[in-house]
Amino acid sequence: MRKAIAIDFDGCLCANAYPEIGEPNWPVIRRAQAEQRAGAGLILWTCREDQLLQEAVAACEGWGLTFDAVNESLPDWIEAFKNRPRKVGASEYWDDKAARIPVVHQFFVGGPGDDSIELIEAFPNEDAALKPCPFCGSTHVVYERYNSVVGERWRCWCADCIAGIDPGYAQSWGTVRDMWNRRTMPPNPPLTLDELREMGGKSYWHVGLQEDSPPPHWNVLDPFYAQHIEDYGYGKRWLAYRYELEGGGSCG
């Protein structure tokens, strides 16, 4: 069964100027057209009725957007499910007033949401902050306090991709915070001359190799300097790194 996308009109496909027609929201329109070209069925999903609905449909046609259904499920969905419910059936609902609710599955000890006591999305202080998800980059990462057979425990998880930390023994949010926020530093060897030549205008971690060298510090490589880097004692007088060295680094 093909993908079905129900799209709101006022405030989504166009600026909300109800009952007038607002300015078209081209990014949403272009995305809808692309989805339709890829095989999705589009549904105009709006509270407009009668003449106001006709005006909305005409406006969309003027913007190059046509629909497979208006305020009802796609014909093939109606045939497949043998019903025409008041709620439009769809794979996705695009609406400027939508609120995303995390959908959770059985991925952790007990499964997020099972025996849940408390979800914490607004952290009480900076120390409790959780870093973005290392898998999808989302900042919507939450704590959860839940019941287990051995008492209350803590876990945290990403509300977008459901990646999480649930050791099963954490009795405080600090335990899962430390586990979640831990990151492995990427390899950080000294940059080669060829790599440095591509760093013009970018920052790098500068480490001097002589006794009178300044302390290690961030520096921005001048584009001209970058193209003539071999003339400035690189590898003998100083080295450059993409990331700050642990402990800062020191002269050799």
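Description of the structure in this document.

Cut-offs used in this document
Residues numbered from 1 in each chain as written. Predicted model: local features only at pLDDT ≥ 70, side-chain atom pairs only at ≥ 80, totals over all residues. Heavy atoms only, no water. Phe/Tyr/Trp six-rings, centres within 6.5 Å; stacked < 30°, edge-to-face > 60°. Helix = DSSP H or I, 4+ residues; strand = E, 2+ residues; numbered from the N terminus. Buried < 20%, exposed > 50% of the residue type's maximum accessible area, 1.4 Å probe, protein only. Contact = heavy atoms within 4.5 Å.

### Quick notes on the packing of aromatic side chains
Part 1 of the argument: Going through the model one piece at a time under the given rule, you end up with 11 aromatic pairs.
Part 2 of the argument: For the ring pair Trp205 and Trp218, a centre distance of 5.4 Å and an interplane angle of 70 degrees mean the geometry is edge-to-face. Note that Trp205 is positioned in strand β9 (residues 203-208) and Trp218 in strand β10 (residues 217-220), a separation of 13 residues in sequence.
Part 3 of the argument: You can call Trp205 buried: its relative accessible area is 5%.
Part 4 of the argument: Ring geometry for Tyr225 against Trp238: centres 6.3 Å apart, planes inclined by 35 degrees, an arrangement best described as tilted. A residue pair is termed long-range when its members are at least 10 positions apart, and Tyr225 in helix α6 (residues 223-227) and Trp238 in strand β11 (residues 238-241) qualify at 13 residues.

### Section: the environment of Pro24
Part 1 of the argument: Mapped onto the elements of the fold, Pro24 is located in the loop between β1 (4-7) and α1 (26-37).
Part 2 of the argument: C-alpha separation for the pair Pro24 and Phe67, spaced 43 residues apart in sequence, amounts to 16 Å.
Part 3 of the argument: In this structure Pro24 touches Leu13, Cys14, Ile29 and Trp63, once residues within four positions along its chain are discounted.

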